Amino acid sequence: MYLNCHTYYSLRFGTFSETELLELAQGQGVQTLVLTDINNTSACLNFIRKASDYNIKPIVGIDFRNGAKQQFVGIAKNNSGFQELNALSSSYSHNKQTIPNQAPELKDVYIIYPFEAVLEQDKTDFKSHEFIGVSVAELRKLPFTKYIQYTDKLVVQQQVTVRNKRDFNAHRLLRAIDNNTLLSKLQKTEECNPDDVMLPLSDLEQAFAAFPFIIENTKQILEQCHIHFTFGANRISQNQQTYLDTKAEDFEYLEKLCKEKLSKRYSQPSAKVKTRLQTELQTIKAMDFVSYFLINYDIISYAKSQGYIHVGRGSGANSIVAYIIGITDVDPIELDLYFERFINPFRASPPDFDIDFSWKDREDITQYIFKRFNNVVLLATYNTFKYRAVVRELGKVFGLPKEEIDKLAADKYQTQTLDEMSSLVIKYSKLIQGFPNHLSVHSCGILILQEPIHYYSATDLPPKGFPTVQFDMIIAEDTGIFKFDILGQRGLAKIKEAIEIIQYNRTEAPPIDITQVEQFKKDPNINALLKSGRAIGAYYVESPAMRGLMQKLQTQDYIGLVAASSIIRPGVSSSGMKQEYIKRQRFPETRKQANPKLLEIMPETYGIMVYQEDVLKVANQFADLTLGEADVLRRGMSGKFRSRAEFVAVEEKFINNCKAKGYTDELTMTVWNQIKSFAGYAFAKGHSASYAVESYQSLFLKCYYPLEFMVAVLNNGGGFYSAEHYIHEATMWGAEVQAPCINTSEHYNIIKGKTIYLGLGYLKSLESLVVKRLLTERNFNGEFTSLADVIDRVTISIEQLTILIRIDALRFTGQPKTELLWQAIFKCNANKAKTPQAKLFKPQQKTFVLPSLKTSNIEDAHDQMELLGFPLCSYFDLINESLQPHIKAKELKQYINKKVLLYGVLVNTRFHKTSQGKRIRFCTFTDQDGHYFDTVHFTKVVHQYPIHGIGVYACYGTVTSDFDFCSLDIIWSRKLEVIGDPRGSV
């Protein structure tokens, strides 16, 4: 009987979830329910999925509105009608069209016009599928209108938006936020009615008792509507079913690809390889995943044809088929990757391929996918109201002063001291927190579907121009829609650009095949970089934490790097297993301490769970769970399914099975808690291995072409560290780094021999239009010869010219900066309007005789700090005090457990909370020789001796050693004073 119900996916309008709507309906005796969110279908699929749990027949539709003004409600008779509604809503949304008063002709849709709108428009012509909706409140007016005679067109339209007074208040606040207005100024036309509630079914029927034809018409509509999708264990894959014309052709093609490409991966394939390949092919065929593999192969093939570099990771990296046909570069035989993590008979979803491309290439790949396949759409994600953001929004709605809003948002208040308005802000912020605020695009998910995209959802058209569904990944997977993950990252862009730079700067270098990872893995020079923590700039292994871990583990091979990239994850690390793993790696005799059963299951990781696959192994072999049940545990680790009953049931079975096998409660809970500690952080082993492949590609370039590689790193946004530190790293490898020069530099950084010229783009205050003019003029008409030549050829203001002179970008003139600055002032009339029009005759420049004006290195450094953000000299050259007796970083091992003083330039600092919630700080510095040392600032000193930005610090503390990796526990630290600018303020 309820044809017009909203959830909070009627964004900034509705006040509760689709599940709460079903709970409400069940409590009111409702057996059939229509969900019609405003211009949105986000909740529809989950509403249909959950309805059977409440013994409710679900029907879906869309409430079409312009702002808050209802135009009409469309209700789908069936799946085709749902598709029609989605297409209609998407058309309005994509084209930013106002929704008309009259709905178009739709074959399988009922249209309900609101009674008040019908009155206003004096509408008299209704098609067979069109009706007039009347609410309980509107019944008083109905008998006094001509529409009382339209007995076959009147239906119940008791809108459901709120449940009670609190919901109505929240609704008004949401409307005020949406309209960016004070609550007191919110127009009534922007609100729903306070009586837009769900009455008990008996009360609703009683209200319409005098109009039995209205009830009968409504019941007939409800009886005619049926919507069906499959979910969960009964779901049917909705992905594109075939790559070629038939499934038989698909499998034949996949077999052919494997046969043709096998020798490239395995020159002499062993029996193990052949058996694994055949097993996988048959499993992929039996589970109907052939087209999924071929579509991924198609995407990779296009990328390779364009010269794009990619990394294939995710659980799909466990597949030998994926390795052979080139989707991934991870050899599952070499790594003994667990096949059942990739595909097992209990797994209904296809394997997960996360395919990374350069951030510069990703959009072209996405465009290719949309052109290549028929039914393609991006996946959505929901941006929800965060508590502090809601506090700020509600504070503005209530008209609170900024100071009060700041105090409430920062939780700096005593509850008992709050006035009534502030108390309401806090009360309703807690209620609205977590509501969806707006739809966004999933970071990487692309759907390639069998049916047209509007069969499942309406779509939005975000700025990049690719249609996006209105539901998220979790309901997509429940419905049998499995995403293709196409990601963009900067690490691959660095690799690609480094190769291009090598081609122009090292013409003598042999051609580089970056896919020859097997050679890189065995290279002792590359592995030495890992072991010594000298991987700055290399993907995934450059952070202080990874640099320290590499040295603690003494990692010097591929297998070791794969393990390291997993044990550093928070799940393994926080459980204490990281330290235990390091101990067993470094001291083989300690491996005997492992539980024999766990050691037997996981010999490679010394009986310690490191990868997601280990959870499957332990659950299956230690606790006798089936592979299907073990996979429930694995999925539960992601947090997406943890609250579901199936996860709880598996947890109980795990514990009961262990008890039945005679394990002690202590051992059982130890193992179980290790599983729980992964909590969404553990990697699949193939995932880690894929990262390690990219790391080795970066390390190869860093090892043999360090300067070119560092330029590529700088040109692609750096990585973990600042641009300043990557410049430092380049100088450590022998580069000479020069400030921007208008005759040499480009917008980005370039290298000539061993000299790196910083790009003009580093000059933060230099306008991009000026850079464009300079480069265009130089490229077309040759290098500049003098200051006068620059002024003659380029339209530039005195302010912009001053920036170039101060950074020494005109050093080719051979004149000091101070002289150039005076000449620029004389030659440019700063107040005169400039025009980009070319001058017909070259103006005669005056020449002035100036006294000798010199600059110092200190002045240059201050100019660089202001204009670039950092000096090109060492910070040690700028300190204004003498250094006390101290040691260097390389001497730390000689002073373990002793108090020492070191001086260092701050590289990185980060906070961490202890298990007791106390704050500690970790810092990384470089000493005068450019070598690293790390410091720990415990709670007692973290506030007493704060770190105030980049500069040289005196660090006094106790040297500690953790598996031969030394760091300094700070007793005190102090930032050294910098020599001031001798010119005063510039």
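The structure we're discussing is the one just above.
Note that the coordinates shown come from a computational prediction; the quantities given were computed from them, not determined experimentally.

**Q** It is not clear to me how the overall build of the chain should be interpreted in this structure. Could you clarify?
**A** Looking only at helices and strands, the chain has 39 helices and 22 strands in total. Over its C-alpha trace the chain gives a radius of gyration of 34 Å, about what one expects of a compact globule, namely 30 Å for 986 residues. The C-alpha extent of the chain, read off along each of the three principal axes, is 100 × 85 × 65 Å. Considering only contacts in the chain between residues 6 or more positions apart, those separated by 24 or more positions represent 70%. Roughly 42900 Å² of accessible area belongs to the chain as shown, and the carbon and sulfur atoms make up 50% of that amount. Considering the chain, the positive charge centre built from 114 side chains and the negative charge centre built from 110 side chains are found 4 Å apart.

**Q** Help me understand the packing of aromatic side chains, please; the structure alone is not making it clear to me.
**A** Each pair of aromatic rings is reported with the distance of its centres and the angle of its planes. Applying the stated criterion across every chain yields a total of 40 aromatic pairs. Ring geometry for F229 versus Y455: centroids 5.6 Å apart, planes at 70°, classification edge-to-face. One end of the pair, F229, is in the loop between helix 7 (212-224) and helix 8 (247-265); the other, Y455, is in the loop between strand 11 (436-449) and strand 12 (459-460), with 226 residues separating them in the sequence. Of the residues examined, Y455 reaches a relative accessible area of 18% and is grouped as buried. Residues F622 and Y663 carry aromatic rings whose centres are separated by 4.2 Å and whose planes lie at 10° to one another, so their mutual orientation is stacked. Residue F622 is found in helix 27 (residues 612-622), and its partner Y663 is found in the loop between helix 29 (645-660) and helix 30 (665-678); the two are separated by 41 residues along the sequence. When the ring centre of W359 is taken as origin, the NZ or CZ atom of R490, which lies over that ring, is 4.1 Å away. In this structure, R919 is placed above the aromatic ring of F911, and the distance from its NZ or CZ to the ring centre is 3.8 Å.

**Q** Can you walk me through the pattern of salt bridges in this structure?
**A** Two side chains with opposite charge may pair up if their charged atoms get near one another. Applying the stated rule across the entire model yields 49 salt bridges. Here D860 makes a salt bridge to K817, at a shortest N to O gap of 2.8 Å. Of the two residues, D860 sits in helix 38 (residues 857-867) while K817 sits in helix 37 (residues 817-827), which places them 43 residues apart along the sequence. The partner of K888 in a salt bridge is D929, and the shortest N-O contact between them spans 3.3 Å. You can see K888 sitting in the loop between helix 38 and strand 18 (899-913) and its partner D929 sitting in the loop between strand 19 (919-926) and strand 20 (932-937), a full 41 residues away along the chain. Each of R806, K817, D860, D863, E866, D981 and R983 takes part in one network of salt bridges that share partners.

**Q** Can you help me understand helix 1 (residues 18-27) in this one?
**A** Each α-helix winds once per 3.6 residues, and so residues spaced three or four apart point in a common direction. Every buried residue of helix 1 is accounted for by E18, L21, L22, L24 and A25. Down the axis, helix 1 shows its buried residues gathered within 160° of arc, on one side only. Where helix 1 is buried, its residues touch strand 1 (2-5), strand 2 (32-38) and helix 2 (44-51). Following helix 1 by one or two positions, G29 has its phi on the positive side, about 80°.

**Q** Honestly, a negative patch on the surface in this entry has me stumped. Any pointers?
**A** On the surface, D245, E249, E252 and E255 cluster together into a negatively charged patch. Within the secondary structure layout, E255 lies in helix 8. On the basis of relative accessibility, which here comes to 32%, the residue E255 falls in the partly exposed class.

**Q** What is the right way to look at the nonpolar core in this model?
**A** As a rule of thumb, soluble globular proteins bury nonpolar side chains together. Ranked by internal contacts, the top residues of the largest apolar core, which has 110 residues, are Y558, L701, I742, L763, L801, L804 and L810. For this core, the leading source of residues is helix 31 (residues 685-704), giving eight residues. Excluding residues that lie within four positions of it along the chain, L804 makes contacts with I742, L760, L763, L766, L774, I796, A809 and L810. Y2, A51, L186 and Y456 belong to the second-largest nonpolar core, a separate cluster that totals 98 residues.

**Q** Sorry, what's going on with the sheet that holds strand 15 (residues 736-738) here?
**A** Here three strands make up an open sheet; going across it, the order is 15-17-16 and the pairing mixed. Because the sheet does not close on itself, it has two edges, and the strands there are strand 15 and strand 16 (750-752). Going across the sheet, the axis of each strand differs from the next one's by a mean of 25°, ignoring polarity. When strand 15 meets strand 17 (residues 755-757), the two strands line up parallel, connected through three bridges. When the sheet's bridge partners are listed, Q738 is paired in strand 17 with Y757.

**Q** Quick question: what am I supposed to make of the pairing of strand 8 (residues 310-313) here?
**A** Within a regular strand, the side chains alternate between the two sheet faces. The alternating pattern of strand 8 places H310 and G312 on one face and V311 and R313 on the opposite face, and all of these are buried. Relative to strand 9 (residues 354-358), strand 8 runs antiparallel, the two being bridged by four bridges. Bridging across to strand 9, V311 finds its partner in D356.

**Q** Help me out: how do you make sense of the environment of E393 in this one?
**A** Its location among the elements puts E393 in helix 15 (residues 387-397). A relative accessible area of 24% means that E393 is categorised as partly exposed. Once the C-alpha coordinates of E393 and E23 are considered, the two residues, 370 residues apart in sequence, prove to be 30 Å apart.

**Q** Please explain the packing of helix 19 (residues 490-505) against helix 32 (residues 706-715) as it appears in this structure.
**A** Angle between the axes and distance between the axes: these two values describe a pair of packed helices. The contact between helix 19 and helix 32 brings their axes to 8 Å, and the two run at 135°. Considered as vectors, helix 19 and helix 32 are oriented oblique to each other. Read as a crossing pair, helix 19 and helix 32 show a hand that is right-handed. For the pair helix 19 and helix 32, contact is made by K494, E497, A498, I501, I502 and N505 and by E708, F709, V711, A712, V713 and N715, respectively.

**Q** Just to check I follow, could you spell out the sheet that holds strand 2 for this structure?
**A** In any sheet, the strands associate via hydrogen bonds between backbone groups, in a parallel or an antiparallel arrangement. Strands sit in the order 1-2-3-4-5-6-7 across an open sheet of seven strands; the sheet is mixed. Each having just a single partner strand, strand 1 and strand 7 (154-156) make up the two edges of the open sheet. Each strand axis lies, on average, 35° off the axis of its neighbour in the sheet, ignoring direction. With seven bridges joining them, strand 2 and strand 3 (residues 57-66) adopt parallel strand pairing. Residue pairing across strands places I38 opposite D63, the latter belonging to strand 3. Its contacts with the sheet put helix 7 on strand 1, strand 2, strand 3, strand 5 (109-114), strand 6 (130-134) and strand 7, and the angle it makes with strand 7 is roughly 75°.

**Q** I keep staring at the packing of helix 19 against helix 31 and nothing clicks. Help me out?
**A** At their nearest, the axes of helix 19 and helix 31 sit 10 Å apart, and the two run at 30° to each other. In terms of orientation, helix 19 and helix 31 fall into the roughly parallel class. The two elements helix 19 and helix 31 meet at a crossing, and its hand is left-handed. Where helix 19 approaches helix 31, its residues G491, L492, I495, A498, I499 and I502 are matched on the opposing element by E694, Q697, S698 and L701. Looking at the contact of helix 19 with helix 31 residue by residue, the classes come out as six nonpolar, three polar and one charged.

**Q** Sorry if this is basic, but what is going on with the environment of K96 here?
**A** Among the secondary structure elements, K96 is positioned in the loop between helix 3 (79-94) and strand 5. The exposed category is assigned to K96, whose relative accessible area is 72%. Residues K96 and L461 lie 365 residues apart in sequence; the distance between their C-alpha atoms is 9.7 Å.

**Q** When you look at helix 22 (residues 544-553) in this model, what are you seeing that I'm missing?
**A** Within helix 22, nine of the ten residues are buried, leaving the element largely enclosed by the surrounding structure. Just past helix 22, the residue Q554 takes up positive phi, approximately 55°.

**Q** Mind showing me how you'd approach the pairing of strand 2 here?
**A** Among the seven residues in strand 2, seven count as buried, and that is most of the element. Because side chains alternate across strand 2, one face comprises the buried residues T32, V34, T36 and I38, and the other comprises L33, L35 and D37, equally buried. Here strand 1 pairs with strand 2 via two bridges, running parallel. Residue C5 lies in a different strand from strand 2, and its bridge partner there is L35. Handedness of the crossover is the feature at issue here: the chain leaves strand 1, passes through helix 1, returns alongside strand 2, and the resulting connection is right-handed. For the crossover from strand 2 across helix 2 to strand 3, the handedness is right-handed.

Reading guide: rules and limits
Residues numbered from 1 in each chain as written. Predicted model: local features only at pLDDT ≥ 70, side-chain atom pairs only at ≥ 80, totals over all residues. Heavy atoms only, no water. Helix = DSSP H or I, 4+ residues; strand = E, 2+ residues; numbered from the N terminus. Rg over C-alpha atoms; globule rule 2.2 N^0.38 Å. Contact = heavy atoms within 4.5 Å. Areas by Shrake-Rupley, 256 points an atom, 1.4 Å probe, with all protein chains shown as cover. Lys, Arg positive; Asp, Glu negative; His and termini not counted. Charge placed at Lys NZ, Arg CZ, Asp CG, Glu CD. Phe/Tyr/Trp six-rings, centres within 6.5 Å; stacked < 30°, edge-to-face > 60°. Buried < 20%, exposed > 50% of the residue type's maximum accessible area, 1.4 Å probe, protein only. Lys NZ or Arg CZ within 6 Å of the ring centre and 35° of its normal. Salt bridge = Lys/Arg side-chain N within 4 Å of Asp/Glu carboxyl O. Arc of directions from axis to C-beta. Patch = residues over 30% accessible without salt bridge, like charges linked within 9 Å, V, L, I, M, F, W, Y side chains within 5 Å. Core = buried A, V, L, I, M, F, W, Y, C linked by side-chain atoms within 4.5 Å. Pairing = 2+ DSSP bridges. Axes fitted to C-alpha atoms, helices over the stretch in contact; angles between N-to-C directions. Parallel < 35°, antiparallel > 145°, perpendicular 65-115°, else oblique. Left-handed = near helix turned anticlockwise from the far one by under 90°. Nonpolar A, V, L, I, M, F, W, Y, C, P; charged D, E, K, R; others polar. Right-handed = clockwise from strand over helix to strand, strands pointing away.

Just distances and angles here, no functional claims.
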